[in-house]
Amino acid sequence: MKASDVKKGNVIEHEGSVYQVRDIERSSPTARGGNVTFRFTLYSIPGARKYDLSLRADDDLKEMDLVRRAANYSYKDDQAFVFMDAEDYTQYLLGPELVGDNAGYIVEDTEGFYVQLIDDAPVGLQVPTSVMLEVVDTAPELKGSSATKRTKPAKLSTGVEIQVPEYITNGEKVWVNTTTGEFGGRAS
């Protein structure tokens, strides 16, 4: 596929690595006979490392076929997280290098996980936008401070640490935004 045909969201291969296109900037030449160039903002799969790439309009890129499969978290086997395909029950073993920082958001009985596959091999994990986690360690509420909106650190059941409002106590379940890593509210 030509660089000029690439769209946001496409998955491409470049120099042996796989990337997803997040942003495209097109620059037109100012001189006669100049080439149109495209600046791509890419994120590696797996790992989500940012990579900037500039190409001319007629440069070739290899498009990869990325498949997203809905999956449910089953269990952790040694270092790998085991997910089961929601439709055909195929098991996917995802190591720490594929899961990355999302490890703290993997909990049982949560829907919205997607295993990303290229040629039937898992290359990444997409987590739901928010997950419910239990507060396991946080300081007690200070009495008389309800007029101010202060926060305090809290350690959650998966090891993730976030800032929570002062009124949150140990044992409570809270929603956590997986994109920002911030407190999203009390879970009922």
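1. Overview of unusual backbone geometry
Even without glycine at this site, Tyr-89 takes up a positive phi of about 65 degrees. Its identity is not glycine, yet Asp-119 carries a phi of approximately 55 degrees, on the positive side. Within the secondary structure, Asp-119 sits in the loop between β9 (113-118) and β10 (121-126). A relative accessible area of 70% places Asp-119 in the exposed class.

2. What about the sheet that holds strand β4 (residues 50-56)?
Taken in spatial order, the 5 strands of this open sheet run β4-β3-β2-β1-β5, and their pairing is antiparallel. Two strands lie at the open edges of the sheet, namely β4 and β5 (62-64), each paired on one side alone. Neighbour-to-neighbour, the strand axes of this sheet turn through a mean angle of 45 degrees, independent of strand direction. With 8 bridges joining them, strand β2 (residues 17-27) and strand β3 (residues 37-44) adopt antiparallel strand pairing. Its bridge partner being in β3, Glu-25 is matched across the sheet by Arg-39.

3. Side note on the packing of aromatic side chains
Within this structure, the stated rule accounts for 5 aromatic pairs. Look at Tyr-73 and Phe-81: their rings are 6.1 Å apart centre to centre, the planes differ by 55 degrees, and that puts the pair in the tilted class. In this structure an aromatic cluster arises from ring pairing among Tyr-73, Phe-81, Phe-83 and Phe-113. Stacked on the ring of Tyr-114, the Lys or Arg Arg-68 has its end atom at 4.2 Å from the ring centre.

4. Structural notes on the nonpolar core
Across soluble globular proteins, nonpolar side chains have a tendency to be buried as a group. Membership of the largest hydrophobic core comes to 14 residues, with the highest contact counts inside it found for Phe-83, Leu-94, Ile-106, Phe-113, Val-115 and Leu-125. Going through the elements one at a time, β6 (66-77), β7 (80-85), β8 (91-94), α1 (96-99) and β9 are the ones with two or more residues in this core. With 3 residues, β9 is the largest single contributor of residues to this core.

5. Thoughts on the sheet that holds strand β12 (residues 151-156)
Spatially, β13-β12-β11-β14-β15 is the arrangement adopted by the 5 strands of the open sheet, whose pairing is antiparallel. Strand pairing shows two members of the sheet lacking a second neighbour, β13 (161-165) and β15 (182-186), which therefore form its edges. Within this sheet the neighbouring strands show an average axis-to-axis angle of 55 degrees, counted without direction.

Each value, and the rule that gives it
Residues numbered from 1 in each chain as written. Predicted model: local features only at pLDDT ≥ 70, side-chain atom pairs only at ≥ 80, totals over all residues. Heavy atoms only, no water. Helix = DSSP H or I, 4+ residues; strand = E, 2+ residues; numbered from the N terminus. Buried < 20%, exposed > 50% of the residue type's maximum accessible area, 1.4 Å probe, protein only. Pairing = 2+ DSSP bridges. Axes fitted to C-alpha atoms, helices over the stretch in contact; angles between N-to-C directions. Phe/Tyr/Trp six-rings, centres within 6.5 Å; stacked < 30°, edge-to-face > 60°. Lys NZ or Arg CZ within 6 Å of the ring centre and 35° of its normal. Core = buried A, V, L, I, M, F, W, Y, C linked by side-chain atoms within 4.5 Å.

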